[in-house]
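Commentary on secondary and tertiary structure
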Amino acid sequence: MSKAKSISVIGLGAMGTTLAGALIDTGNTVTVWNRTPARADALAARGASRAETVTEAIAASDVVILCLTDYPAVDATLADLGAAIAGKTIVNLTNGRPDEVRAIAARLGEQGARYLDGGIMATPPMIGTPHAFILYSGDRAAFEDAEALLATFGQSHYLGEDPVLAAVSDLALLSAMYGLFGGYLHATALAGSVGFTAKQFLPLVEPWLAAMMTALPDYAERIDSGEHARDVMSNLQMQSVAIGNIVAASRSQGIDPAFMEPIERLAKKRLAAGFGNDEASGIIEAMRGK
Ligand code: FVH
């Protein structure tokens, strides 16, 4: 439970609305602003104060949460605020790139604000549940001051003072998610080409993915030590035959192999470099350009 405070939420899409709602439900004084004002109606009915302008939203609270589509939207929203932002803690939960994070952190710092960048590792229905976690990086004192409030959303992980840490970790975790979902979709399309419905295929693919997740600690050990040749059980030479078969079979079954082609290319690059007897964990070296 958060310590009740005044907080402003700017950006009332699916996520911003959920964050603001969670803050209202935990007894905080919440001010909201959205470019399209009608999106604030439901929150106003639940007790939020509606700011007429961004400046008004920022003036209303010491802690201001931004949750917008992208950083160009953040730039547009925070343009021309002048001194209004000095002394405020800006918690930017918008998905973005490291160059964008550095630019906004520098700009807001020059304007006298404390900047925290964040990455929300949850969908809106997960907010406030034990499954939600949010990554933060940037001004440590700002994080510590806002920590109780931010706990409203889920588990907070403060990663350090460099503001880009949260955004890069967020993108890394999303890469893992899109790899999983893309792999699942490709697998389901390929199984579907011989008549399986997605529901029929699920009892095969779900436990398979769960079993493969148990390989991650071993992969992490190999990656950190660089020892991809130690105790090899499933060598890359053998695995690249299967990967090549997946790509070829997808084509012959009328399934676009586009999702699988990059891993085939990386495996071939690693094989050509002479690492066929290594574990497939060594593909990371090809990703790193080695
Ligand atoms: N929803 C999700 O599942 C994910 C979960 C993980 C974190 N993401 C990130 O959260 C950011 C916002 O996502 P969202 O789901 O709330 O997105 P939308 O529902 O599409 O709402 C977008 C809001 O951004 C406003 N906006 C867009 N462009 C501008 C602009 N140029 N100036 C001012 N505001 C802008 C938009 O306003 P409006 O269209 O209603 O006027 C919405 O408030 C995002 O970074 C996810 O990656 C969510």
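Here, the structure is the one placed above.
Here goes a summary of the coordinates provided. Being a predicted model, the structure only gives us computed values, none of them experimental.

Moving on, we get to the sheet that holds strand β6 (residues 114-121). Strand pairing in a sheet is mediated by backbone hydrogen bonds. Such pairs are either parallel or antiparallel. The mixed open sheet is built from eight strands, whose spatial order is β3-β2-β1-β4-β5-β6-β7-β8. One side of each edge strand has no neighbouring strand; the edge strands of this open sheet are β3 (49-50) and β8 (155-158). Sheet analysis places strand β7 (residues 133-138) next to β8, joined by four bridges and oriented parallel. Paired with L135 across the strands is H157, a residue of β8. Against the sheet, helix α5 (residues 98-110) contacts β5 (89-92) and β6, and its axis sits at roughly 150° relative to β6.

Among the six residues that make up β7, five are buried, leaving the element largely enclosed by the rest of the structure. A crossover links β7 with its parallel partner β8, the connecting element being helix α6 (residues 140-150), and its sense is right-handed.

What follows is about the packing of aromatic side chains. Going through the model one piece at a time under the given rule, you end up with three aromatic pairs. Here F143 and Y158 contribute two aromatic rings whose centre-to-centre distance is 4.9 Å and whose plane-to-plane angle is 20°, an arrangement assigned as stacked. Placement of the pair is F143 in helix α6 and Y158 in strand β8, with a sequence separation of 15 residues. Each member of the pair, F143 together with Y158, is buried. Between the aromatic rings of F196 and F201, the centroid separation amounts to 6.4 Å while the plane-to-plane angle is 45°, which identifies the pairing as tilted. Among the aromatic side chains, those forming a connected cluster through ring pairs are Y136, F143 and Y158.

This model, assessed by the stated rule, comprises 15 salt bridges. Here D25 makes a salt bridge to R46, at a shortest N to O gap of 3.1 Å. Here the residue D25 occupies a position in helix α1 (residues 14-25), and R46 occupies one in the loop between α2 (41-45) and β3, the gap between them amounting to 21 residues. Look at D25 and you get exposed, because its relative accessible area is 59%.

The rules behind these values
- Residues numbered from 1 in each chain as written.
- Predicted model: local features only at pLDDT ≥ 70, side-chain atom pairs only at ≥ 80, totals over all residues.
- Heavy atoms only, no water.
- Pairing = 2+ DSSP bridges.
- Helix = DSSP H or I, 4+ residues; strand = E, 2+ residues; numbered from the N terminus.
- Contact = heavy atoms within 4.5 Å.
- Axes fitted to C-alpha atoms, helices over the stretch in contact; angles between N-to-C directions.
- Buried < 20%, exposed > 50% of the residue type's maximum accessible area, 1.4 Å probe, protein only.
- Right-handed = clockwise from strand over helix to strand, strands pointing away.
- Phe/Tyr/Trp six-rings, centres within 6.5 Å; stacked < 30°, edge-to-face > 60°.
- Salt bridge = Lys/Arg side-chain N within 4 Å of Asp/Glu carboxyl O.

Don't take any of this as a statement about function, it's just geometry.
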